[in-house]
Amino acid sequence: MILAAAALAGSVAVAADEPSPTWEGAVRPILKARCMHCHGEEEPVEGGVDLRLRRFLEREVEGHGPLLVPGDTTRGELLRVIRDGEMPKSGKPVTPEELAVIERWIAAGAVASRPEPESIPPGLYLTEDDREWWAFRPVARPAPPTVANAGWVRNPIDAFVLARLEQAGLSPAPEADRVALLRRVSVDLTGLAPTPEEVDAFLADTSADAYERVVDRLLASAAYGERWGRHWLDVVGYADSNGFAETDSLRPHAWRYRDWVIAALNADMPWDQFIVEQLAGDELAGVTHETTASAVTDPGRVGQLVATAFLRLGPDGTGDSVPDQNLARNQAIAEQIRITTSALLGLTVACAQCHDHRYDPISQADYYRLRAIFEPVYDWQAWRTPAQRTYSLYTPEERAAAADIEARAVAIDDEARALRKRLLDEIFEKEIVKLPEPERGPYRLARDTPEDKRTDEQKALIRKYPSALATYSLDLYDPKLEKQVADKHGEATALRGTKPPERFFMAATEVSGRVPESRVFHRGDHDQPRQAVTPGELAVLATPSIEPFTPTPPASGSSGRRLAYARWLTGGAHPLVPRVLVNRFWMHLFGRGLVATPGDFGRLGERPTHPELLDWLAGEFVAGGWRLKALDRLIVTSATYRQGAGGEAARASDPDNRLLARRTPRRLDAEAFRDTVLQASGRLTAGGGGPPVGIARDPVGRVVVGREEKDANGDVIKVASLGADDFRRSIYVQARRTTPLTLLETFDAPEMTPNCEQRRSTTVAPQSLAMLNDSFVIDAARALAGRVRADAPGDLRGQVRRAWRLLFGAEPSRADIDVAILHVAEQAEDLRSRQPAPAPAAEGQPAPPVADHQLDALASLCQVLLASNRFLYVD
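Chemist: Help me understand the environment of Leu311 in this model?
Modeler: Among the secondary structure elements, Leu311 is positioned in the loop between helix H13 (299–307) and helix H14 (325–344). For Leu311 and Ala280, which are 31 residues apart along the polypeptide, the C-alpha to C-alpha distance reads 9.1 Å. Not counting residues up to four positions away in its chain, the partners in contact with Leu311 are Gln278, Leu279, Gln336, Thr340, Phe374, Tyr378, Ala508 and Arg562.

In structure tokens, the structure reads:
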């Protein structure tokens, strides 16, 4: 009895009302994450202990007894080695919480809820629970639920949201006021604030569909593609530089892909086509590396080729000086696979590059099967550098014209060289007569002998009479003669300037007929290839509901792998692609996705807060032809989107607003902040596209828009303006991986490592300091002050009102105006009191300019308003 009592005291009690952990849902995932890498998934199995099946845990461990004893947590080698810290030997240890789960499971009898096979092959074992993970199930399109407050529902989105709110005993917030709603939807759809005139027009429109017509106007705006193009460029890791190497060399033609994305979104290109062209536009266009020139006369095929730059956006230092070219090549491939899988599958597939995924059912073989799809376009053993993947846009006619011009220019250069030789020979004949008669013949022979074949005697003779040689510069004898030759060469240069300008684009193509073998790399090391693999998707997705994709090599000579894969991804049956996409679209409009981890739909990611809504949106998106504008319109016209801030009850019970009972204010992201500041100050340059706006590092080390001017030592002395380009939208500013624009970086611009799945939003001291001291903010405040003074000359109250409306869209209250006027008055008086007496102008010199204290004070007010939460945040 005493022994029994002791054993009972050492065991783990399970409360009657507490559900027991299951092997499949709770215990096996812990062992997979912590132990199965050594004990089951990789050969040889260490110690002969295989933990992949529940039945395997019944085996005896040689010399130690059973792995576990069902119902008894005081015995069993599994618990002992975990408690004593002996296992796992590497990696993260089992946490106390995880150990408690295992103990509870053993105490409850250590049962498996599903039948298990008698044996399984080596490697990753996929269970039914793995296949039934929510993200791997087929997308269902559930019917919108019935709700009590049906009058609040504007479209099916609201029914799904309201059902959860009613279940939680919460009510949605009232609709936001019209000015706040207009600013919200304008920033969300275009990245720009509404103008005062647009606000007035909206407030004056009392029609029932006034808001819907505003939404349609914004969706039709060119700014829509710039805003939503920026979202996609984050996900795909867009940069105007190659990264990887310390030099971070430029990608001079990447901007064509940026412009293609913007144009595609403005044209509302269906996203199935949008994805297929990026993954396999070259195969759609029917070209390979050798035949791209055949496509340049067809704008549609050129667009398809430009789209494939998606596959070249990852960091790639192979065109720079790197210590290990093979490592750099394989790293470039790995980074691009990480981008592609996180962007389209929403999974951390890259974690399986070196070993089976610790948490998700993704094997290392899965990773290399996926890599095999893209192997022909990369081919690390026959690598093409970034420069070798750049193609000309010359048409046959332009190429022929350029060749003709070049031939004529070469002929002129030949004439110039012949003229130089003739003139030098004439000079030589004059100079040689100055030499003693006996040395003239040997000197002439020495001059005619190639320099590398002259004898020592000939070299000595030339050194004795250097001025007689006359084989190099005409300037030494007569500058006018040198000018004759230079003018002739100038004719050739001018002629070459008439060539049609040659434009280039960056693309990913395959070499015709070359399909390299793909192998699993042991531990991810390209120097340790193992078994060969064929192209394929993740094994966990191989279900009867999804047809496997089968590449068919096209007549062009490419492998057809990427085109088959792209069409398979966008065929409508894939469980991940539509869910991942609509989740990101939702995130851009609400600040948080229905799945809060947009790049991880696996076990370490968060589960959806509204799984039925996510599936309904995914189904609606596919059924609607993969059209983003229609989905955006549906979301922003919903009552859910149109809510205001809400009350305290919702904040108290749901502080993170996971149930969407209200609107959560969001700070302007980096680009929207810079662009709306330029917009309000009246300096935003309209129009887009083309090469990126240059950046420079100023003398104090900030990265700004402009062009560096350096002294003789190579030190930057100033940054020269680029004119109107200084004020283009931020998406058109050069994006270098190692030198982001300082202002954008301060306000959480995306970090491309290698891509940005989700931006962070911080509140840190450098942001306040930037609003106080950054020259961009100071200059913008002064420009805004000049604008409002010109709009309301001599009327300070009108100037304050105008500034308020330009920045906030709303009318200031009387108290707001009074405080602002007092601030301007106090600032102007303070500036006057600090102004030293002007020094008398020197005789004959103009008087120094008089300080405009009133404008400076008004600029101070504008800077305060720019730094206010009312401007920086969107309600």
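Chemist: Just checking my understanding: could you explain helix H25 (residues 670–680) for this structure?
Modeler: Every α-helix winds through 3.6 residues per turn, so residues three or four apart in the chain are directed the same way. Burial analysis of H25 places eleven of its eleven residues in the buried class, which makes it a mostly covered element. Those residues of H25 not exposed but buried are Ala670, Glu671, Ala672, Phe673, Arg674, Asp675, Thr676, Val677, Leu678, Gln679 and Ala680. Looking one or two residues beyond H25, the residue adopting positive phi is Gly682, at roughly 80°.

Chemist: Would you mind going over the packing of helix H7 (residues 178–190) against helix H9 (residues 210–219) with me for this structure?
Modeler: Pairs of packed helices are described in terms of their axes, by the angle between the two and the distance that separates them. Across the interface, H7 lies against H9 with an axial gap of 10 Å and an inter-helix angle of 25°. With respect to H9, the element H7 is oriented roughly parallel. Crossing of H7 over H9 shows right-handed handedness. Along its contact with H7, which presents Arg178, Leu181, Leu182, Val185, Ser186, Leu189 and Thr190, the element H9 presents Ala210, Tyr211, Val214, Val215, Leu218 and Leu219.

Chemist: I tried to follow the packing of aromatic side chains on my own but got confused; where do I start?
Modeler: Note on aromatic pairs: each is described by the distance of the centres and the angle between the planes. Scanning the model with the defined rule gives 28 aromatic pairs in all. Relative to Tyr465, the ring of Tyr443 lies with its centre 6.3 Å away and its plane at 70°, an arrangement referred to as edge-to-face. Placement of the pair is Tyr443 in helix H17 (residues 437–448) and Tyr465 in the loop between helix H18 (456–464) and helix H19 (479–496), with a sequence separation of 22 residues. Classification of Tyr443 by relative accessible area gives buried; the value is 0%. For Tyr465, a relative accessible area of 16% translates into the label buried. Measuring from ring centre to ring centre gives 5.6 Å for Phe585 and Phe621, while their planes differ by 75°; the resulting arrangement is edge-to-face. Remark: Phe621 occurs in helix H22 (residues 611–623) and Phe585 occurs in helix H21 (residues 577–590); sequence separation between them is 36 residues. In this structure, Arg447 packs its charged tip against the face of Phe428, placed 4.2 Å from the ring centre. The side chain of Arg728 reaches across the aromatic face of Tyr732, ending 4.6 Å from its centre.

How each quantity is defined
Residues numbered from 1 in each chain as written. Predicted model: local features only at pLDDT ≥ 70, side-chain atom pairs only at ≥ 80, totals over all residues. Heavy atoms only, no water. Helix = DSSP H or I, 4+ residues; strand = E, 2+ residues; numbered from the N terminus. Contact = heavy atoms within 4.5 Å. Buried < 20%, exposed > 50% of the residue type's maximum accessible area, 1.4 Å probe, protein only. Axes fitted to C-alpha atoms, helices over the stretch in contact; angles between N-to-C directions. Parallel < 35°, antiparallel > 145°, perpendicular 65-115°, else oblique. Left-handed = near helix turned anticlockwise from the far one by under 90°. Phe/Tyr/Trp six-rings, centres within 6.5 Å; stacked < 30°, edge-to-face > 60°. Lys NZ or Arg CZ within 6 Å of the ring centre and 35° of its normal.

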